[in-house]
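Coordinate inspection notes
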Amino acid sequence: MATRSQAREVIVGLLYAYHCGNTNIGHFAAELLEEKHVRNRQKDFALFLFEGTLARLPQIDMIIKGLLKDWNFERLGDMEKAILRLGVFELMATETDRAVVIDEAIGLAKKFGDENAPRFVNGVLDAFGRDSALLKAAQESDLAQPKKET
């Protein structure tokens, strides 16, 4: 049985593929999760993260753009965008502890990003998690979506 960390890793790969033009990747998400042995509750959690992130992509990108200091969103690497998108969505739509979400994102950045990615991802997600007004506004804009259990 896969862990939530492994589920997040698959989701980042799916978000990366989607961003790179494979807009039909969602049709294969469940199959890809199964191949990676992400099943049952972990699979449900992973699909929630993937589908939720895609459904709110414009809002998530606006949040990320607003958090960037002296950096252009278009200059971000595609993998870093995928990690940040997942992290922002998870912070706004789950009850997972902020430190856990950020730590998981840092781990993904270490694995898939460039050498500066972990520190960058940490800074952006920490800023979002600490900005209670921005976080609350993002959560309230999403009231129709139930919170996922952690």
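With their axes 5 Å apart at the nearest point, helix 7 (residues 117-130) and helix 8 (residues 132-140) run at an angle of 80 degrees to one another. Between helix 7 and helix 8, the interaxial angle falls into the category roughly perpendicular. Along the contact surface, helix 7 presents Phe 128, Gly 129 and Arg 130, while helix 8 presents Ser 132, Leu 134, Leu 135 and Ala 138. Its residues assigned to classes, the contact of helix 7 with helix 8 shows 4 nonpolar, 2 polar and 1 charged.

So, on to the environment of Ala 137. Tracing the chain through its elements places Ala 137 in helix 8. Of the residues examined, Ala 137 reaches a relative accessible area of 43% and is grouped as partly exposed. The spacing of Ala 137 and Met 92 is 45 residues in sequence and 9.2 Å in space, taken between C-alpha atoms.

Here we take up the nonpolar core. Grouped together as the largest cluster of nonpolar side chains are 48 residues, with contacts concentrated most on Ile 11, Ile 64, Ile 83, Val 88, Met 92, Leu 125 and Phe 128. Every element with two or more residues in this core is listed here: helix 1 (4-19), helix 2 (29-35), helix 3 (40-55), helix 4 (57-67), helix 5 (78-93), helix 6 (98-112), helix 7 and helix 8. Ranked by residue count, the leading element in this core is helix 5, at 10 residues.

Along the chain, Val 10 turns up in helix 1. C-alpha separation for the pair Val 10 and Lys 36, spaced 26 residues apart in sequence, amounts to 7.8 Å. In this structure Val 10 touches Leu 33, Lys 36 and Val 38, once residues within four positions along its chain are discounted.

This part is about the pattern of salt bridges. Under the criterion given, the structure shown has 7 salt bridges. Across the pair Glu 90 and Arg 8 runs a salt bridge whose closest N-O atoms are separated by 2.6 Å. Residue Glu 90 is located in helix 5, and its partner Arg 8 is located in helix 1; the two are separated by 82 residues in the primary sequence. On the accessibility criterion, Arg 8 (3% relative accessible area) is buried. The salt bridge partner of Lys 136 is Glu 140, with a shortest N-O separation of 3.7 Å. Taken as a pair, Lys 136 and Glu 140 lie in helix 8 at a separation of 4 residues, close to a single helical turn.

Definitions and limits used
Residues numbered from 1 in each chain as written. Predicted model: local features only at pLDDT ≥ 70, side-chain atom pairs only at ≥ 80, totals over all residues. Heavy atoms only, no water. Axes fitted to C-alpha atoms, helices over the stretch in contact; angles between N-to-C directions. Helix = DSSP H or I, 4+ residues; strand = E, 2+ residues; numbered from the N terminus. Parallel < 35°, antiparallel > 145°, perpendicular 65-115°, else oblique. Contact = heavy atoms within 4.5 Å. Nonpolar A, V, L, I, M, F, W, Y, C, P; charged D, E, K, R; others polar. Buried < 20%, exposed > 50% of the residue type's maximum accessible area, 1.4 Å probe, protein only. Core = buried A, V, L, I, M, F, W, Y, C linked by side-chain atoms within 4.5 Å. Salt bridge = Lys/Arg side-chain N within 4 Å of Asp/Glu carboxyl O.

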